[in-house]
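# Observations on the three-dimensional arrangement
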Amino acid sequence: MSSSVMFRAVHLRSLFLGFFVLTSIAALAHAYEIWEGLESGDLVFIETTGPLATFLKKATGSRLTHVGIMRDTSGGAYILDATPREGVFESPIDAFIERGVGHRYAVYRFNGIKHPHHTNHPAITTAFDHHYLKPYDPYFRLEKSAFYDAELIWTAYAEGGARIGKLLQLGELGGETPEGRVVFLRDWQHNPLCKTVAPDAEACWSRIRNQQIITPSSIAADPRMRRVYSTFDEGH
């Protein structure tokens, strides 16, 4: 190899190494920026995609379509949430945020439950100790054998000592709309409330339209919730 070719190779390797170091530093700084200042029990909201998110955005007018709760660990901030793929599970906060549209997120805090600062928030303690690894609930029922994301948060806070957000009926939210039918009647034959008694989707809807549901935006709108940080523009 000629000296000029060797120089170019070394130079390119140096540039690559420098870029890698700078990128790694930036990534670490970004991760630190995300979780520095959070407190155990804080709620992190993101905007997601898919049929449920489409329905929620139209029904509530909010881009806050998914929510998780922060657990402080020796390895940093983790977010516990419920997803169709993994059920009740947790992931590092930066991985959680990357799932959101545009990586935007909003952090809300509820100060109505007192606990020692050196311990995890009672809501995250009950969520992790009692409900971790439970399956996802595609039928959006308020029962504790399976969970969707907002239900997990609502239940964890209720068991921790506070009811947050406002429960709404599917009919009030417009579950009978085309967007709602995709979510709530897609698998109506296997819905526990319908599978043995409802002959068709319309009969199933009649049975579930009064079913109560909690949404991420309802939790965020609780007047006792305080938004402590957001990368969304106003009006989310």
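Residues numbered from 1 in each chain as written. Predicted model: local features only at pLDDT ≥ 70, side-chain atom pairs only at ≥ 80, totals over all residues. Heavy atoms only, no water.

### Thoughts on the packing of aromatic side chains
Counted only if it meets this: Here a pair means two rings of Phe, Tyr or Trp (six-membered ring of Trp) with centres within 6.5 Å. Their orientation is stacked below 30 degrees between planes, edge-to-face above 60, and tilted elsewhere. Under the scheme used here, helices are H or I runs from DSSP no shorter than 4 residues and strands are E runs no shorter than 2 residues, and both carry numbers assigned from the N terminus. Each residue is placed in one exposure class: buried if its accessible area under a 1.4 Å probe, protein chains only, is under 20% of its type's maximum, exposed if it is over 50%, and partly exposed if it falls in between. To sit over a ring, a charge needs its Lys NZ or Arg CZ within 6 Å of the ring centre and within 35 degrees of the ring normal.
One pass over the structure, following the stated rule, counts nine aromatic pairs. Plain terms: the ring middles of F55 and F184 are 5.1 Å apart, the flat faces sit at 90° to each other, and that makes the pair edge-to-face. Note that F55 is positioned in helix α2 (residues 51-60) and F184 in helix α7 (residues 178-184), a separation of 129 residues in sequence. Since its relative accessible area comes to 2%, F55 is described here as buried. Ring centres of F110 and Y157 lie 5.8 Å apart, and the angle between their planes is 80°; this geometry places the pair in the edge-to-face category. Residue F110 is found in strand β5 (residues 106-110), and its partner Y157 is found in helix α5 (residues 149-160); the two are separated by 47 residues along the sequence. Aromatic rings pair up to connect F55, Y136, F140, Y148 and F184 into one cluster. Positioned above the aromatic ring of F128, the side-chain terminus of R71 is 4.0 Å from the ring centre.

### Re the layout of surface pockets
Heads up, the condition is: Of the grid points, spaced at 1 Å and generated over the protein atoms alone, those admitting a 1.4 Å probe that cannot get out make up cavities, while open sets with protein on both sides within 12 Å along at least five of seven lines make up pockets; any residue with an atom within 4 Å of a point is treated as lining. Grid points are joined across faces, edges and corners, and a volume is the space filled by probe spheres set on the points. Only Asp, Glu, Lys and Arg are considered charged, only Ala, Val, Leu, Ile, Met, Phe, Trp, Tyr, Cys and Pro nonpolar, and every remaining residue, Gly among them, polar.
Roughly 470 Å³ of internal volume is contained in the largest pocket. Taken together, 19 residues form the lining of the largest pocket, with T49, H66, T83, P84 and Y136 sitting closest to its centre. If you list the elements that add at least two residues to the lining of the largest pocket, you get α2 and β3 (76-83). Considering each element in turn, the lining of the largest pocket owes the most residues, three residues, to α2. Residues belonging to the lining of the largest pocket are distributed by class as follows: nine nonpolar, five polar and five charged.

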